[in-house]
Amino acid sequence: MQPTPAVRCRGLAKTYGRGDTATPALRALDLDVRAGELTLLVGPSGCGKSTLLSIIAGLLTPDGGSCEVLGQSLSGRPEVERAAFRRDHVGFVFQGFNLLPSLTAAQNVAVALMLQGVHERVAVARARVVLGQVGLADRGDAYPMTLSGGQQQRVAIARALVHSPALVVCDEPTSALDHATGQSVMRQLREVARDASRALLVVTHDPRIHDYADRIVEMDDGHVIDDRAGPARDST
Ligand SMILES: Nc1ncnc2c1ncn2[C@@H]1O[C@H](COP(=O)(O)OP(=O)(O)OP(=O)(O)O)[C@@H](O)[C@H]1O
């Protein structure tokens, strides 16, 4: 029997606005995202990818259907509970990195643990270990402005992973990176999915990173039109 997927959406629907200005963004969307896999979500601009990520993250409530994340449905729960769920179980990597400029790399990563109540000294020590895992062992004391785009993205990845979330959601993680750095970031993300049996969901417009996908889910017009094994599925 297949284990319960990390994300399970069934018949998911979302429309923005009403009447003449109504814009359907998701129409009866079904999706499973499994642990231990890197799933790429692809599709043309406006097909509903960001809307789907927002619902999975509990930032947006669907109009219909269901979305279970790690076996729990977030819709209808108070924002304070949804925020606690995100903080404890989900890691986010955004295209703009979203690092705090006045904090060092290690402090930026440590924040994710401190929000969970971990003492700063312990959090920074753990942050340095995870920075080492993404190849930045010697940059923990550097401020974001002094790091390259690729290094900043690695800090953002370390921040998303430091609290060992079961689900990591990445929105265009390579869009600001050159080809070689983008490939290296994707290699790391794939290893993270496999080593720790995490579920990684990556939204991308970048066809150069398809090689790192265990699965490729293609959307159009608010639903999934194709769901296939990716090139990395059977590779080591
Ligand atoms: N806040 C909003 N208000 C009204 N319409 C919206 C809003 N957000 C998204 N939409 C519409 O919903 C549809 C899906 O948008 P969404 O941003 O989810 O697509 P996307 O696939 O993420 O696009 P992109 O690849 O350009 O980021 C589009 O038609 C968009 O114009």
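Residues numbered from 1 in each chain as written. Predicted model: local features only at pLDDT ≥ 70, side-chain atom pairs only at ≥ 80, totals over all residues. Heavy atoms only, no water.

As recorded in an unreviewed UniProt entry, the protein goes by ABC transporter ATP-binding protein and comes from Cognatilysobacter lacus. Here the protein is described in UniProt, under the heading Sequence similarities (unreviewed entry), as follows: "Belongs to the ABC transporter superfamily. Macrolide exporter (TC 3.A.1.122) family." (UniProt positions renumbered as here; feature names shortened; annotations may be inferred.)

Another aspect to go through is the site of the ligand. All residues in the neighbourhood of the ligand are listed as Tyr16, Thr23, Ala25, Pro44, Ser45, Gly46, Cys47, Gly48, Lys49, Ser50, Thr51 and His205. The side chain of Ser45 places a nitrogen or oxygen atom 2.5 Å from an oxygen atom of the ligand. One of the backbone nitrogen or oxygen atoms of Cys47 is found 3.1 Å away from an oxygen atom of the ligand. In isolation the ligand has 640 Å² of accessible area, and contact with the protein removes 58% of it. Breaking the shell around the ligand down by element, the ones donating at least two residues are strand S2 (23-33) and helix H1 (49-56). Residue contributions to the shell around the ligand peak at three residues, all from H1. (Near = heavy atom within 4 Å. Polar contact = N/O pair within 3.5 Å; in protein donor to acceptor, adjacent residues only side chain to side chain. Areas by Shrake-Rupley, 256 points an atom, 1.4 Å probe, with all protein chains shown as cover. Helix = DSSP H or I, 4+ residues; strand = E, 2+ residues; numbered from the N terminus.)

Let's shift gears to unusual backbone geometry. One non-glycine residue, Ala28, lies in positive phi territory at about 50°. Residue Leu70 is not a glycine yet carries a positive backbone phi of 50°. For Leu70, a relative accessible area of 28% puts it in the partly exposed group. (Buried < 20%, exposed > 50% of the residue type's maximum accessible area, 1.4 Å probe, protein only.)

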